[in-house]
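Residue-level listing of the chains:
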Amino acid sequence: MVKAVVAGAAGGIGQPLSLLLKLNPIVTELSLYDVVNAPGVAADLSHIPTPAQVSGFLPNTGSQGHKGPEEEKRGAVNALKGADIVVIPAGVPRKPGMTRDDLFINAGICATLAESIAEACPKAFILVISNPVNSTVPVFAEVLKKKGVFDPKRLFGVTTLDCLRASTFVASVVGEPTEASKYVIPVVGGHAGHTILPLLSQAKPSIPSSVLKDKSKRDALVHRIQFGGDEVVEAKAGTGSATLSMAQAGAEFADKVMRAAFKGETGLVAPSYVNLEADPSAAKTIQQEIGKDLAYFSVNVELGKEGIAKLNPVGKIDETETALLKKAVEDLEPSINKGVGFSPASKL
Ligand SMILES: NC(=O)c1ccc[n+]([C@@H]2O[C@H](COP(=O)([O-])OP(=O)(O)OC[C@H]3O[C@@H](n4cnc5c(N)ncnc54)[C@H](O)[C@@H]3O)[C@@H](O)[C@H]2O)c1
């Protein structure tokens, strides 16, 4: 029996993500939480004949599912009770001209949700989608630490969309647009602009040198992967950011976490933005590779029964990537500090 929760389930990402989780046969209970419309989304999805039993919760939804003033603000805890995995796309998305850092307003939402998770399901795997991921993951960690339940092996910043974009854009540049899914490109660093570092030199299958050695082609490809989110924000013209591709990315990553944890599958590896303490010996290697003692970084993560089984080092990178890494680390550090500095005990 696997209980999955989506927090922010009525939103642009939340609805298609909830649909994809409803279609995942590993999930037997799907609990949807949002400050609006979650019961409606739950009722809608509940008519699909898959194993997951769906329920929807608002902030004032009681433990039996009914509304009541005595349960005011307990809805999140009631939705999360006993969860095995919580996926979080709650918060405000970008509008044209905004960077992900402009979304730090989401930190408060994340801190409150982290508090509810600490109470209702402290052992759950937590998958953070809410931006700015580079800061919101540290916000989650700090609240969980204060509550005495932080396990770095169970906290993930979801960066899978950067990997999906890398596969799609690489396949297009090498002239194989219909073969996009065969290209696996590790994307390390963080999840915003220059912190997104696609390791094109490690692509499998490898990218032809006619692309890798052509500076303008390569620069354009890297830029498109780093700033691909802006294409969607601009095209949606003020109505939001990536939702459908993000739902697919979130569902793919959640599926891997669940297959490793609950189905005992081995060899599942995916990049994720994590607290490096999840694997202290690997942390030292990674910090040496990146030349800075950052507490958070996105690397290839080997998934297992307890979440993170192992962190893989960045590995061999070429000269172009070495320069990009320097910039990524520079930009990442203040975003991490912002997240760590948030959530003082007095706010909780
Ligand atoms: N990690 C990534 O790759 C990635 C990609 C795209 C978007 N995002 C981020 O995901 C977040 C959601 O994007 P969206 O397009 O779905 O936005 P949206 O506005 O469509 O949906 C957000 C939902 O969160 C809900 N919400 C707000 N406060 C809440 C709270 N306290 N508890 C529970 N739910 C709450 C809202 O009611 C809404 O339904 C944004 O921060 C966006 O920047 C991340």
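Look up: the structure comes first, before these words.
None of these values were measured; they are calculated from a predicted model.

Conventions and cut-offs
- Residues numbered from 1 in each chain as written.
- Predicted model: local features only at pLDDT ≥ 70, side-chain atom pairs only at ≥ 80, totals over all residues.
- Heavy atoms only, no water.
- Helix = DSSP H or I, 4+ residues; strand = E, 2+ residues; numbered from the N terminus.
- Rg over C-alpha atoms; globule rule 2.2 N^0.38 Å.
- Buried < 20%, exposed > 50% of the residue type's maximum accessible area, 1.4 Å probe, protein only.
- Contact = heavy atoms within 4.5 Å.
- Areas by Shrake-Rupley, 256 points an atom, 1.4 Å probe, with all protein chains shown as cover.
- Near = heavy atom within 4 Å.
- Polar contact = N/O pair within 3.5 Å; in protein donor to acceptor, adjacent residues only side chain to side chain.
- Expected span 1.5 Å × (residues − 1).

Can you help me understand the overall build of the protein in this one?
Within the protein one finds eleven helices and eleven strands. Taken against the 2.2 N^0.38 rule, which gives 20 Å for 348 residues, the C-alpha radius of gyration of the protein at 19 Å falls within 12% of a compact globule. Taking the principal axes of its C-alpha atoms as reference, the protein extends roughly 65 × 45 × 40 Å. Split into buried and exposed, the 348 residues of the protein put 53% on the buried side. When contacts within the protein are restricted to residue pairs at least 6 apart in sequence, long-range pairs at least 24 apart make up 70% of them. Roughly 14500 Å² of accessible area belongs to the protein as shown, and the carbon and sulfur atoms make up 55% of that amount.

I'm lost on the site of the ligand in this one. Help?
The immediate surroundings of the ligand are formed by 28 residues, with Gly12, Ile13, Asp34, Ile129 and Asn131 found nearest. With respect to the ligand, the backbone of Ile13 contributes an N or O atom lying 2.8 Å from an oxygen atom. In the environment of the ligand, an oxygen atom lies 3.0 Å from a nitrogen or oxygen atom belonging to the side chain of His191. In the complex, 86% of the free accessible area of the ligand, which totals 870 Å², lies under the protein chains.

Explain helix H11 (residues 319-341) to me, please; I cannot follow it from the model alone.
Since there are 3.6 residues in each turn of an α-helix, residues three or four apart along the chain are aligned in direction. With 23 residues, H11 extends 34 Å between its outermost C-alpha atoms, agreeing within 8% with the 33 Å of an ideal straight helix rising 1.5 Å per residue. Where H11 is concerned, the buried positions are Glu321, Leu325, Ala328, Val329, Leu332, Ser335, Ile336 and Gly339. The opening residue of H11 is Asp318, an N-cap whose side-chain oxygen sits 3.3 Å from the backbone nitrogen of Thr320.

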